[in-house]
Amino acid sequence: MSGEYDVSRGTGNANTSVSHFGGKLFAHSESDLPYTIKLGSDGDIITLRRHEEYGEPLEQMTAHPKVDRETGEAFAYRHNIQRPYLTYFRINSDGIKQPEVKIFSKKQASLVHDFAITKNYAIFPDSQIVIKPAEIIKGNQPALVDPKKVPKLGIIPRYAEDEKEMWWVEVPGYNCMHTVNAWEEDGGDTIVMVATNLLSVEHFMDHQELVHSSMERLEINVKAKTVARRPISTRCLDFGVINPAYVGKKTRYMYAAILTDEPKFSGVVKLDLSLPTAESGDCTVASRFYGSGCYGGEPCFVPREPDNPTAEEDDGYIVNYVFNENTQESKFIVMDAKSPTLEIVAIVKLPQRVPYGFHGMFVRECDLQKL
Ligand SMILES: [Fe+2]
């Protein structure tokens, strides 16, 4: 017993994503509950404990909770291998979990890695990537692609107390992995969602290099219960992010990583979602490549004046880690989000490499001090 591993604080790896709400900083993996963490005086991460207030001892929580900065609430869920296959819940601004909504209308276990919220709704993708635990007995992977299944989106009122008002709409050919944002238009009659769609999803389990992650804009007609969708970039994009103050609100700008060779991202793009895509098929208004042999991870938008309510949506910086495989050097780079070339305005040389593929977020020093 070296003391490096304290099982009383939990045994999960919590290595997918991070979030900050209810005065706490969390590290997430969707196969476990979140872990509260803080930074030590030397900048190292200290694990406090498994946060069992958000579930029973054997339960899990998504790695992608959605935080409404205006209300301070967080919205989350878990997906299960047994009924109910989906459970939705909300955490109030004091960090107190509200009663769960068990969703029995989802008929099969599937990978629900991410979801979206608007002012009035939560939207859940149900993809062709299904989970069949019985496959383990046959020596197979429990997750597999079912080409016969028609993907769906599930829409439930954001403050639902049960699943009575939830409805599902079939969206053939739509297999979502990550959402970017969602909001309402036309007085609430349309839900717009921007999210990825895995093309050639049948290769997801064994040949990920053949899967193209397309960024799409979906328009859900709430009255007719139909969905129209279109790609907004011709590039293979993932890890789409926005100004965090706009979660659930109409967003003009998003930023995404250019996927070159999973999990390597060779650059970052800025998309203007107000542009029509009919002619060019692409909303890209700025981009930056990191250079030959250089790869980054998930970009993060940092507002320049986070406390100024009149600040422009894209007035800020995009930050990222970049690893140079030629020189084995790692850098933290800061780009001007308003610049048409996403100009690099600062570079910090790092003493250590940050592995590819993790999600990330920016937390202000003043918020870290309050943990
Ligand atoms: Fe993710």
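About the cut-offs
- Residues numbered from 1 in each chain as written.
- Predicted model: local features only at pLDDT ≥ 70, side-chain atom pairs only at ≥ 80, totals over all residues.
- Heavy atoms only, no water.
- UniProt positions renumbered as here; feature names shortened; annotations may be inferred.
- Donors = N, O, S within 2.8 Å, 3.2 Å for Na, K, Ca; no water.
- Tetrahedral: all angles 85-135°; square planar, octahedral: opposite > 155°, others 65-115°.
- Helix = DSSP H or I, 4+ residues; strand = E, 2+ residues; numbered from the N terminus.
- Pairing = 2+ DSSP bridges.
- Axes fitted to C-alpha atoms, helices over the stretch in contact; angles between N-to-C directions.
- Contact = heavy atoms within 4.5 Å.
- Buried < 20%, exposed > 50% of the residue type's maximum accessible area, 1.4 Å probe, protein only.
- Polar contact = N/O pair within 3.5 Å; in protein donor to acceptor, adjacent residues only side chain to side chain.
- Salt bridge = Lys/Arg side-chain N within 4 Å of Asp/Glu carboxyl O.
- Core = buried A, V, L, I, M, F, W, Y, C linked by side-chain atoms within 4.5 Å.
- Phe/Tyr/Trp six-rings, centres within 6.5 Å; stacked < 30°, edge-to-face > 60°.
- Patch = residues over 30% accessible without salt bridge, like charges linked within 9 Å, V, L, I, M, F, W, Y side chains within 5 Å.
- Areas by Shrake-Rupley, 256 points an atom, 1.4 Å probe, with all protein chains shown as cover.
- Lys, Arg positive; Asp, Glu negative; His and termini not counted.
- Charge placed at Lys NZ, Arg CZ, Asp CG, Glu CD.
- Disulfide = S-S within 2.5 Å.

Taken directly from UniProt, the Sequence similarities (unreviewed entry) text for the protein chain runs: "Belongs to the carotenoid oxygenase family."

Student: Which residues make up the coordination of the iron ion, and what are the values?
Tutor: Protein coordination at the iron ion comes from His64 (NE2), His113 (NE2), His178 (NE2) and His359 (NE2), with a distance range of 2.0 to 2.2 Å. Viewed at the metal, the four donor atoms of the iron ion are separated by angles of 91 to 165°, and the geometry they form is irregular. On the primary sequence, the residues serving as donors to the iron ion are separated as H-x48-H-x64-H-x180-H. Taken together, the positions of His113 in the loop between strand E8 (101-103) and strand E9 (116-117) and His359 in the loop between strand E27 (344-350) and helix H1 (365-369) put the pair 246 residues apart, joining distant regions of the chain.

Student: Tell me about the sheet that holds strand E2 (residues 24-28), and name the residues and values.
Tutor: Pairing is antiparallel in the open sheet, where four strands are placed in the order E1-E2-E3-E4. Looking at which strands have only one partner, the edges of the open sheet turn out to be strand E1 (17-21) and strand E4 (45-50). Neighbour to neighbour, the strand axes of the sheet diverge by 35° on average, direction disregarded. Where strand E3 (residues 35-39) meets E4, five bridges bridge the pair, whose relative direction is antiparallel. Counterpart to Ile37 in the pairing with E4 is Thr47.

Student: Kindly report on the side chain of His28, identifying the contributing residues and their values.
Tutor: Looking at where His28 falls in the secondary structure, it is placed in strand E2. Non-local contacts of His28, meaning those with residues more than four positions away in its chain, are made with Ala14, Asn15, Thr16, Ser17, Val18, Ser19, Pro34, Met61, Thr62, Ala63 and Pro65.

Student: Mind laying out the side chain of Thr196, listing which residues take part and the relevant values?
Tutor: By the element assignment, Thr196 lies in strand E16 (residues 190-199). The buried category is assigned to Thr196, whose relative accessible area is 1%. A polar side-chain atom of Thr196 sits 3.3 Å from the main-chain amide nitrogen of Met177. The contacts of Thr196, once residues within four sequence positions are left out, are Tyr174, Asn175, Cys176, Met177, His178, Ser213, Ser214, Met215, Leu237 and Asp238.

Student: Describe in detail the pattern of salt bridges, supporting the description with residues and values.
Tutor: Under the defined criterion, the tally for this structure stands at 32 salt bridges. Residue Glu73 is joined to Arg158 by a salt bridge in which the shortest nitrogen-to-oxygen separation is 3.4 Å. Taken together, the positions of Glu73 in the loop between strand E5 (66-67) and strand E6 (74-79) and Arg158 in the loop between strand E13 (152-157) and strand E14 (167-170) put the pair 85 residues apart, joining distant regions of the chain. Here the two residues Glu73 and Arg158 agree in accessibility, since each one is buried.

Student: Talk me through the nonpolar core; I want residue IDs and the actual numbers.
Tutor: Most often, soluble globular proteins have nonpolar side chains that are buried together. Formed by 30 residues in total, the largest nonpolar core has its most connected members in Tyr88, Phe124, Ile156, Met215 and Met254. Of all elements in the fold, only E6, strand E7 (86-91), E8, strand E10 (121-126), strand E15 (179-185), E16, strand E20 (253-261) and strand E21 (264-272) reach the threshold of two or more residues within this core. Broken down by element, this core gets its largest block of residues, three residues, from E20. Counting residues in each nonpolar core, the second largest holds 17 residues, with Trp167, Val171, Ile191 and Val222 among its members.

Student: Would you mind going over the packing of aromatic side chains in detail, with residue names and values included?
Tutor: By the definition in use, this model includes 13 aromatic pairs. Ring centres of Phe75 and Tyr159 lie 6.1 Å apart, and the angle between their planes is 70°; on these two criteria the pair is classed as edge-to-face. One end of the pair, Phe75, is in strand E6; the other, Tyr159, is in the loop between E13 and E14, and 84 residues separate them in sequence. When the ring of Tyr88 is compared with that of Phe124, the centres are 5.7 Å apart and the planes differ by 80°; the resulting orientation is edge-to-face. Of this pair, Tyr88 sits in strand E7 while Phe124 sits in strand E10; the two residues are 36 residues apart in sequence, bridging distant segments of the chain. A single burial state applies to Tyr88 and to Phe124, both of which are buried. Taken together through their ring pairs, the aromatic side chains of Tyr77, Tyr88, Phe115 and Phe124 make up a single cluster.

Student: Quick rundown of a negative patch on the surface? Include the residues and the values.
Tutor: A grouping of Asp206, Glu209, Asp261 and Glu262 is seen on the molecular surface, where their side chains present a negatively charged patch. Tracing the sequence through the fold places Glu209 in the loop between E16 and strand E17 (212-221). Residue Glu209 is classed as exposed on the basis of its relative accessible area, which comes to 55%.

Student: Any details on the sheet that holds E17? Residues and values, ideally.
Tutor: Strand order in this open sheet of four strands is E15-E16-E17-E18, and the pairing throughout is antiparallel. Of all strands in the sheet, those bounded by a partner on one side alone are E15 and strand E18 (226-231). Across the sheet, the mean angle separating the axes of adjacent strands is 30° when strand polarity is ignored. Inspection of the sheet shows E15 paired to E16 by six bridges, in the antiparallel sense. Each bridged residue has a counterpart across the sheet, and for Glu185 the counterpart in E16 is Thr190.

Student: For the state of the cysteines, give the residues involved together with the corresponding values.
Tutor: On inspection of all chains with the given rule, the structure shows zero disulfides. Here Cys236 stays free of any disulfide, with the sulfur of Cys176 as its closest cysteine sulfur at 14 Å. This cysteine, Cys366, is not joined by any disulfide, and Cys300 carries the nearest cysteine sulfur, 15 Å off. Judged by relative accessible area, which is 37%, Cys366 ranks as partly exposed.

Student: How would you summarise the pairing of E21 if you had to cite specific residues and measurements?
Tutor: Among the nine residues in E21, eight count as buried, and that is most of the element. Taken together, E20 and the strand that follows it, E21, pair antiparallel across an intervening segment of two residues. Where E21 lies against strand E22 (residues 284-289), five bridges are found, and the strand directions are antiparallel. Bridge pairing links Val268 to Arg288 in E22.

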